[in-house]
Amino acid sequence: MSKQVLFIVVVAGLAIVLLFWSAASASALPRIIPLEDFFKNPEKVAFSISPDGQYLAFMQPWQRRLNVFVQKIGGVEEPVRLTDERNRDIAGYFWKGNNQIIYMKDSGGDENYHLFSVDISGANRRELTPFPKVRVSVVDDLEDVDDEMLIAMNKRDPRVFDVYRINVKTGAIDLVAENPGDIAGWLTDHKGKLRVAVKTDGVNTSLLYREKEEDPFRTIVTTNFKDSIDPLFFTFDDQHLYVASNLNRDKSAIYRYDPTTGAFLELVYEHPDVDVYRLLQSKKRKIVTGVRFTTDKAHYVFFDPDREQLQITLEKNLPGYEVVVASMSRDEKRMLVYAGSDRTLGAYYFYDRESGAFEKLADLSPWLKEEEMAAMRPVRYKARDGLLIHGYLTIPVGVEPKNLPVIIFPHGGPWARDSWGFSPEVQFFANRGYAVLSMNFRGSTGYGKQFWTAGFQQWGRAMQDDITDGVKWLIGQGVADPKKVGIYGASYGGYAVLAGLAFTPDVYACGVDYVGPSNLFTLLDTIPPYWELGRQMMYEQIGHPEKDKALLQAASPVFHADQIRSPLLVAQGANDPRVKKTESDQIVEALRKRNIYVEYIVKDNEGHGFRNEENRFEFYRAMERFLAIHLRGRME
């Protein structure tokens, strides 16, 4: 028996009373979980063990922002809070020796990350890179050197990154390598010497090498960017490289590679269905121990019996979960372990291999109960041209998968992929009564070169068809109510929302665009300066503003706003460096001129997505209301 639901909505000052039937029986679905429980900051997160195995660090909310704390393992003392950020979460941190933490943060979402240091006592906090409009990354933390590390900064030229040696005690900075203008990446050997660089002209990529840091770089091999030889790390004698490469093959595999001759010496591991990029190592024993790759879920293959036995032990202690060693002490005897699944954000554990001690440290979101979460099921369907598309389908708990309101949830990137695991958004939608389908449309990474390049210059075309074909598949399976299909996505996913509403207006009842581009000309014209080296590659992947003008015009939703009929919710960070606010402004203005219903949320202290908790709450609350009105799902 369905339940009648009454909504009173105020739109443009007018009270509109909406009366409709809910999508599923209130008795069949679990309780309505408070929205904040899905989107508030974790209780504790990002645990890391000190090199000597005596302390653990983690991030925890303070003043509603994720700050860094340190606590002695096995001690009774309260954790020491090392940072006091009130405006924005710490973006990340790592140990520098046993007594110092290095952490990173940006300002208002501008993605110009700066480095800071602090002692584990909380003393001597300082900014290491106090340079405005400069972005910093870590090249090598030099774990064997107490006071120094190598960083990359675009301080000299905003388009490229030079390498510097920085003293984390004094803040002194020395230039190690000046970027000649075409280096996209750097790699050190196990002694911290800068010996590999990756050069690009935007379309062709070259691997550069030198035997000693004092030598000039020389080119080993040059390939088109579609053919990659990506250096992972040096062999432990610092003579050869481990690389992930798709040269002369479709799926990337891992090899041992001789940089002096450019020869592939040994195939370490390949998989017939997916790319393999992740190689595991034991720095203490100086061996590679295995690989990790993702098909429908994440999987391991081990070469080392000791590492394999460790995984068996951990999974025996944590049955039914994906188990990852998150952090190890230098002697590899003490470690922090993460365990999660599609129905829990997960938990961290401490494990001592010598004593056998195994202790739970924290649940990330203990307020969410696994039995109330929905299972994420790997699925496959065929696109209209026969291409096999992999995705994930989530059905609300307690209901039959028949005639449900649906959220189509394409991923961002687009050169990325969706994976099995916990998604607060997916679980929120499922709790409100929506089935959720996410898919790895062509152009997604991880499925080989041919699948990736099949998405080139297919924005709004074959890539979008793959999404549309997912909707048709769901309807054909009887899962989706064809009149109650909505689409939501962020970044490229936000573009897919706008493209879906513009190019297939009869498919979607509504859409939610989160920091998505609407105009491919202005998107390409306003990329961050440090993406400049990849501009020509982006032209090949998306389209050239002059040579492919008709293509970009046809694929830009803002020029087809006259075809959009369904209501739209747009969310945008004012400081977004990737998808500028003008992208959202354009589509909102175009729709409002035609009196198409559009809600617009802009946050002045956010960038490419909302990091601050209160902004997330506001956005998802607006989305909950918006979807309930247009798809007739549940709301608090």
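What comes next concerns the included structure.

Rules used throughout
- Residues numbered from 1 in each chain as written.
- Predicted model: local features only at pLDDT ≥ 70, side-chain atom pairs only at ≥ 80, totals over all residues.
- Heavy atoms only, no water.
- Core = buried A, V, L, I, M, F, W, Y, C linked by side-chain atoms within 4.5 Å.
- Buried < 20%, exposed > 50% of the residue type's maximum accessible area, 1.4 Å probe, protein only.
- Helix = DSSP H or I, 4+ residues; strand = E, 2+ residues; numbered from the N terminus.
- Contact = heavy atoms within 4.5 Å.
- Expected span 1.5 Å × (residues − 1).
- Arc of directions from axis to C-beta.
- Axes fitted to C-alpha atoms, helices over the stretch in contact; angles between N-to-C directions.
- Parallel < 35°, antiparallel > 145°, perpendicular 65-115°, else oblique.
- Nonpolar A, V, L, I, M, F, W, Y, C, P; charged D, E, K, R; others polar.
- 1 Å grid on protein atoms, 1.4 Å probe; cavity = no way out; pocket = protein on both sides within 12 Å on 5 of 7 lines; lining within 4 Å.
- Points joined across faces, edges and corners; volume = space filled by probe spheres on them.
- Pairing = 2+ DSSP bridges.
- Lys, Arg positive; Asp, Glu negative; His and termini not counted.
- Salt bridge = Lys/Arg side-chain N within 4 Å of Asp/Glu carboxyl O.
- Polar contact = N/O pair within 3.5 Å; in protein donor to acceptor, adjacent residues only side chain to side chain.
- Phe/Tyr/Trp six-rings, centres within 6.5 Å; stacked < 30°, edge-to-face > 60°.
- Lys NZ or Arg CZ within 6 Å of the ring centre and 35° of its normal.
- Left-handed = near helix turned anticlockwise from the far one by under 90°.

## Details of the nonpolar core
One broad trend across soluble globular proteins is that nonpolar side chains are buried collectively.
Link 1 in the chain: Formed by 69 residues in total, the largest nonpolar core has its most connected members in Ile408 and Leu474.
Link 2 in the chain: In terms of residue count, helix α6 (residues 492-503) provides more of this core than any other element does, eight residues in total.
Link 3 in the chain: Those residues in contact with leucine 474, other than ones at most four positions away along the chain, are Leu393, Val406, Ile408, Leu437, Val479 and Ala480.

## Examining helix α10 (residues 581-593)
Link 1 in the chain: Helix length check: α10 (13 residues) gives 18 Å between terminal C-alpha atoms against 18 Å at 1.5 Å per residue, within 8%.
Link 2 in the chain: All of the buried residues in α10 are Glu583, Ser584, Ile587, Val588, Ala590 and Leu591. Seen end-on, α10 carries its buried residues on one side only, within an arc spanning 165°.
Link 3 in the chain: Contact partners of the buried residues in α10: α6, β35 (510-514), α7 (520-525), β36 (568-573) and β37 (598-603).
Link 4 in the chain: Downstream of α10 by a residue or two, asparagine 595 has a phi angle that is positive, lying close to 60°.

## A short note on the packing of helix α5 (residues 462-476) against α6
If you want to describe how two helices pack, look at the angle between their axes and the distance between the axes.
Link 1 in the chain: Remark: α5 packs on α6, axes separated minimally by 11 Å, with the N-to-C direction vectors making an angle of 75°. Judged by the inter-axis angle, α5 sits roughly perpendicular to α6. For the pair formed by α5 and α6, the contact residues are Met463, Gln464 and Ile467 on the first element and Tyr492, Tyr495, Ala496, Ala499 and Gly500 on the second.
Link 2 in the chain: The class makeup of the residues in the contact of α5 with α6 is six nonpolar, two polar and no charged.

## What about empty space enclosed by the protein?
Link 1 in the chain: Applying the stated criterion to the full structure yields one cavity of 30 Å³ or more.
Link 2 in the chain: Forming the walls of the largest cavity are Pro30, Phe38, Glu372, Met373, Ala374, Pro396, Val397, Gln427, Ala430 and Asn431.
Link 3 in the chain: Class assignment of the residues belonging to the lining of the largest cavity gives a composition of seven nonpolar, two polar and one charged.

## Some remarks on the sheet that holds strand β22 (residues 263-269)
Link 1 in the chain: On the basis of which strands lie adjacent, the open sheet formed by four strands has the order β19-β20-β21-β22 and antiparallel pairing. Two strands lie at the open edges of the sheet, namely β19 (229-234) and β22, each paired on one side alone. Put simply, the sheet's adjacent strands are angled 35° from each other on average, direction ignored.
Link 2 in the chain: Relative to β22, strand β21 (residues 253-258) runs antiparallel, the two sharing five bridges. The partner of isoleucine 254 across the bridge, within β22, is tyrosine 269.

## Examining the side chain of arginine 210
Link 1 in the chain: For arginine 210, the position within the fold is in the loop between β17 (204-209) and β18 (218-224).
Link 2 in the chain: Of the buried charged residues, arginine 210 lacks a salt bridge, with glutamate 213 as the closest side chain of opposite charge at 4.7 Å.
Link 3 in the chain: Within the structure, arginine 210 has its side chain in polar contact with the backbone oxygen of glutamate 213 (distance 3.3 Å).
Link 4 in the chain: Among all residues touching arginine 210, those that are not within four sequence positions of it are Leu194, Arg195, Asp215, Pro216 and Phe217.

## Observations regarding the packing of aromatic side chains
Link 1 in the chain: Considering all chains together, one arrives at 40 aromatic pairs under this definition.
Link 2 in the chain: Note on phenylalanine 225 and tryptophan 452: the rings are 6.1 Å apart at their centroids and 85° apart in plane angle, and the pair reads as edge-to-face. In this pair, phenylalanine 225 is assigned in the loop between β18 and β19 and tryptophan 452 in helix α4 (residues 449-453), connecting sequence segments 227 residues apart. Note on accessibility: phenylalanine 225 and tryptophan 452 belong to one class, buried.
Link 3 in the chain: A ring pair is formed by phenylalanine 409 and tyrosine 488, whose centres lie 5.1 Å apart and whose planes are at 35°; its orientation type is tilted. In this pair, phenylalanine 409 sits in the loop between β32 (404-408) and α3 (424-431) while tyrosine 488 sits in strand β34 (residues 480-490), placing the two residues 79 residues apart along the sequence. As far as burial versus exposure is concerned, phenylalanine 409 and tyrosine 488 are alike and both buried.
Link 4 in the chain: Members of the aromatic cluster, connected to one another through ring pairs, are Phe38, Phe39, Phe409, Phe428, Phe429, Tyr488, Tyr514, Phe610, Phe619 and Tyr620.
Link 5 in the chain: The residue whose ring lies beneath lysine 72 is tyrosine 55, and the NZ or CZ to ring-centre distance is 5.0 Å.

## Considerations on the pairing of strand β15 (residues 183-188)
Link 1 in the chain: Relative to strand β16 (residues 194-200), β15 runs antiparallel, the two sharing five bridges. Residue pairing in the sheet places leucine 187 in a bridge with valine 196 of β16.
Link 2 in the chain: As consecutive antiparallel partners, β15 and β16 are separated by five residues, and within that stretch glycine 192 has a phi angle of approximately 85°, a positive value.

## What to know about the sheet that holds strand β3 (residues 45-49)
Link 1 in the chain: On the basis of which strands lie adjacent, the open sheet formed by four strands has the order β3-β4-β5-β6 and antiparallel pairing. Two strands in the sheet have a free side with no partner beyond their single neighbour: β3 and β6 (80-81).
Link 2 in the chain: Pairing analysis gives two bridges linking strand β5 (residues 65-72) to β6, with the strands arranged antiparallel. Counted as the bridge partner of phenylalanine 69 is arginine 81 from β6.

## With respect to the packing of α3 against helix α11 (residues 613-631)
Link 1 in the chain: For the pair α3 and α11, the least separation of the axes is 12 Å and the interaxial angle reads 35°. The element α3 and its partner α11 pack so that their crossing is right-handed. Contacts between α3 and α11 involve Glu425, Phe428 and Phe429 on the former and, on the latter, Tyr620, Met623, Glu624 and Leu627.
Link 2 in the chain: Partitioned by chemical class, the residues of the contact of α3 with α11 number five nonpolar, no polar and two charged.

## Thoughts on the environment of leucine 128
Link 1 in the chain: With respect to the element layout, leucine 128 can be found in the loop between β10 (126-127) and β11 (136-140).
Link 2 in the chain: Residues leucine 128 and isoleucine 173, spaced 45 residues apart in sequence, show a C-alpha to C-alpha distance of 9.0 Å.
Link 3 in the chain: Look past the residues within four positions of leucine 128 in its chain and what remains in contact with it is Ile102, Leu115, Phe116, Ser117, Ile166, Asn167, Val168, Gly171 and Ile173.

## Some thoughts on the pattern of salt bridges
Side chains that differ in charge, positive against negative, can pair when their charged atoms come close.
Link 1 in the chain: Here the structure, examined in full by the defined rule, presents 45 salt bridges.
Link 2 in the chain: Of the charged contacts, one joins aspartate 304 and arginine 285 as a salt bridge, the two residues approaching to 2.7 Å between their closest N and O atoms. Taken together, the residues span a long stretch of sequence, with aspartate 304 in the loop between β25 (298-302) and α2 (305-317) and arginine 285 in the loop between β23 (278-282) and β24 (287-294) at a distance of 19 residues.
Link 3 in the chain: Judged by its relative accessible area of 8%, aspartate 304 is buried.
Link 4 in the chain: A relative accessible area of 35% means that arginine 285 is categorised as partly exposed.
Link 5 in the chain: Among the salt bridges present, the one from glutamate 636 reaches arginine 621, with a minimum N-O distance of 2.9 Å. Placement of glutamate 636 in the segment after α11 and of arginine 621 in helix α11 is noted, with a sequence separation of 15 residues between them.

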